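Analysis of the macromolecular model
One-letter residues, chain by chain:
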Amino acid sequence: MFYDISHPELSKTLTTSSNLNAIAMSSKTQTHSIHLTQKHIFVLPTRQGLLFGLILFFMLLGSINYANSMGFMLTFLLSGMALVSIFHTWRNLAHLRIQAGSAPPFFAGEMGYFVLLFHNHQQPARHGLSIQQYPKKQKPLTPLLFDLGADQTNQVHLSVPLQQRGLQSAGRLRLTTRFPLGLFYAWSLLELESAQVLAYPKPEGDMPVPSGILDQQGSQYEHGNKGDDFTGYRDYHPGDSPRHIDWKAVAREQGWLIKQFGGEAGDSHYWFDWDSVAHLADKERALSQLCRWILLADAQNLRYGLRLPGYELDLDQGENHKHLCLEALALF
C-alpha cells in the first residue's frame, strides 16, 4: 500500500518554516521524467574492448607481414563486428523514458527503495541494463541489473539503506549497459528530483506511555480485563509487544501475527505531547519514543492525538491517522 505524504490536513497544521519546507518537498508531483536521446548517452570501450582492439592490431600486422589473405579477412570481419556492436550498445539505452514512481514509507534503519518506471514503448527488448546511485563525492553504490521486455513498462526498485529519518532523494543515478558483446559500454547520468522515499523515525525507547493506558511492553494494565474475547489477528508491526505474538503460528510458518481482543481499550484516549519527551537530550531519541508510542496505540486501536511545536493533530485512530502522525515525526 502506498501512502500520500502531502495530506491537506498535515499542511494546514504545520506552521513552522522548517516543517513547511519539508512538506513542500514531499508534495512534488512525481511526473518528472527523462527521455534518453543522443545528447544523453555516451559510449566508450571497456577493458575487454581495448584488449580486443590490441589483438586486432597485431593480427593486422601479422597479415601484412605474411601477406595472408585469410588473416586479412578474419581481422576485417572481427573489426566489423566490433564496430556494429557500438551501435547496438548505444541503441540499448536510446529512446528510453525513465520516470520516478511513488515509494512506500519505511522506518529509519531499514532497507528502503526508490521506485523507477522504465518505459520501453514501441521498442525492441533491452538486455543487461544496470542502474545505481552515483554520488558526486562518494563511491557508487551497488548496481541493480535488470532487463526490459519489448514494448513494456517495468517498475524497478532501487534499494537504499535509510540511515536517518526524513525525506530522502535518490540523487544522481547512472544507467549503463555493455550489451551485446561487452566490448563497449554506454552510460547516461540521471537526476530525478521526484525519486524520493520517506523514512519514519526508528521506533524505540523504554519510557511508559504518559496516560498509563499501556505498559512499557505495549500491553494494557490489567484491571479486570482478563476475560476479554478474542477477536482475531492482524499483521505484525514494528514496536508490537512480543507477548501478543501468536508463536504457534510462527512455528507453523504462517507468518508473524498479533492476537487482538475485544474491549481492550474501551473509550480510552490520550495525547502524545512533545513536552513528555523534551527532557531527552537527543531530539532523535525523543522522536523515536513518540514513534513507538504511536505504534503501540495503533496496535490496540486506541484514539490518540499528537502535539509538536507548531503542530497539532486531533484525536483519531486508524491506518491513515497513524501515517499522518508518523509523517509529522519524520518531517519534524
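Residues numbered from 1 in each chain as written. Predicted model: local features only at pLDDT ≥ 70, side-chain atom pairs only at ≥ 80, totals over all residues. Heavy atoms only, no water.

Here we come to the sheet that holds strand E15 (residues 269-273). If you walk across this open sheet you meet the three strands as E15-E16-E17, and the pairing is mixed. A single partner strand is all that each edge strand has here, and the edge strands are E15 and strand E17 (311-316). Pairwise comparison of adjacent strand axes, ignoring direction, gives a mean angle of 10° for this sheet. Where E15 and strand E16 (residues 303-308) come together, five bridges link them in parallel fashion. Among the inter-strand pairings, Tyr270 is bridged to a residue of E16, identified as Tyr304. (Pairing = 2+ DSSP bridges. Helix = DSSP H or I, 4+ residues; strand = E, 2+ residues; numbered from the N terminus. Axes fitted to C-alpha atoms, helices over the stretch in contact; angles between N-to-C directions.)

Glancing now at the side chain of Asn154. Mapped onto the secondary structure, Asn154 falls in strand E8 (residues 153-161). Among the polar contacts listed, one links the side chain of Asn154 to the backbone oxygen of Asp147, at a separation of 3.1 Å. Aside from chain neighbours lying at most four places away, what touches Asn154 is Leu116, Leu117, Phe118, Asp147, Leu148 and Gly149. (Polar contact = N/O pair within 3.5 Å; in protein donor to acceptor, adjacent residues only side chain to side chain. Contact = heavy atoms within 4.5 Å.)

Evaluation of the coordinates by the stated rule reveals 11 aromatic pairs. Seen from their ring centres, Phe57 and Phe58 are 5.8 Å apart, and the 65° between their planes marks the pair as edge-to-face. The exposure class assigned to Phe57 is partly exposed, which follows from its relative accessible area of 45%. Ring geometry for Phe118 versus Phe146: centroids 4.9 Å apart, planes at 50°, classification tilted. In this pair, Phe118 is assigned in strand E5 (residues 111-119) and Phe146 in strand E7 (residues 144-148), connecting sequence segments 28 residues apart. Each member of the pair, Phe118 as well as Phe146, carries the same accessibility label: buried. Taken together, the aromatic side chains of Phe42, Tyr185 and Trp187 make up a single cluster linked through ring pairs. (Phe/Tyr/Trp six-rings, centres within 6.5 Å; stacked < 30°, edge-to-face > 60°. Buried < 20%, exposed > 50% of the residue type's maximum accessible area, 1.4 Å probe, protein only.)

Another aspect to go through is a nonpolar patch on the surface. On the surface, Leu51, Leu54, Ile55, Phe57, Phe58 and Leu61 cluster together into a nonpolar patch covering about 590 Å² of accessible area. Structurally, the position occupied by Phe58 is in helix H3 (residues 47-66). Phe58 sits in the exposed class, given a relative accessible area of 52%. (Patch = residues over 30% accessible without salt bridge, like charges linked within 9 Å, V, L, I, M, F, W, Y side chains within 5 Å. Areas by Shrake-Rupley, 256 points an atom, 1.4 Å probe, with all protein chains shown as cover. Salt bridge = Lys/Arg side-chain N within 4 Å of Asp/Glu carboxyl O.)

Bringing the pattern of salt bridges into the picture now. Under the defined criterion, the tally for this structure stands at five salt bridges. A salt bridge links Glu284 to Arg165, with the shortest nitrogen-to-oxygen separation between them at 2.8 Å. With Glu284 in helix H6 (residues 283-299) and Arg165 in the loop between E8 and strand E9 (166-169), this pair connects stretches of sequence that are 119 residues apart. You can call Arg165 buried: its relative accessible area is 15%. A salt bridge links Asp298 to Lys322, with the shortest nitrogen-to-oxygen separation between them at 3.8 Å. Highlighted residues: Asp298 in helix H6 and Lys322 in helix H7 (residues 319-330), separated in sequence by 24 residues. A single network of salt bridges, built from pairs that share partners, joins Asp273, Arg307 and Glu312.

Now for unusual backbone geometry. Cis peptide bonds are those with omega within 30 degrees of zero, and the linkage from Phe179 to Pro180 qualifies with 5°. By the secondary structure assignment, Pro180 is in the loop between strand E10 (172-177) and strand E11 (184-191). A positive phi angle is found at His95, which is not glycine, with a value near 70°. Along the chain, His95 falls in the loop between helix H4 (69-91) and strand E3 (97-100). We note that Asp151 has phi near 55°; this positive angle belongs to a residue other than glycine. The residue Asp151 is located in the loop between E7 and E8 in this model. Classification of Asp151 as partly exposed rests on a relative accessible area of 47%.

Scope: geometric values only; no functional claims are made or implied.
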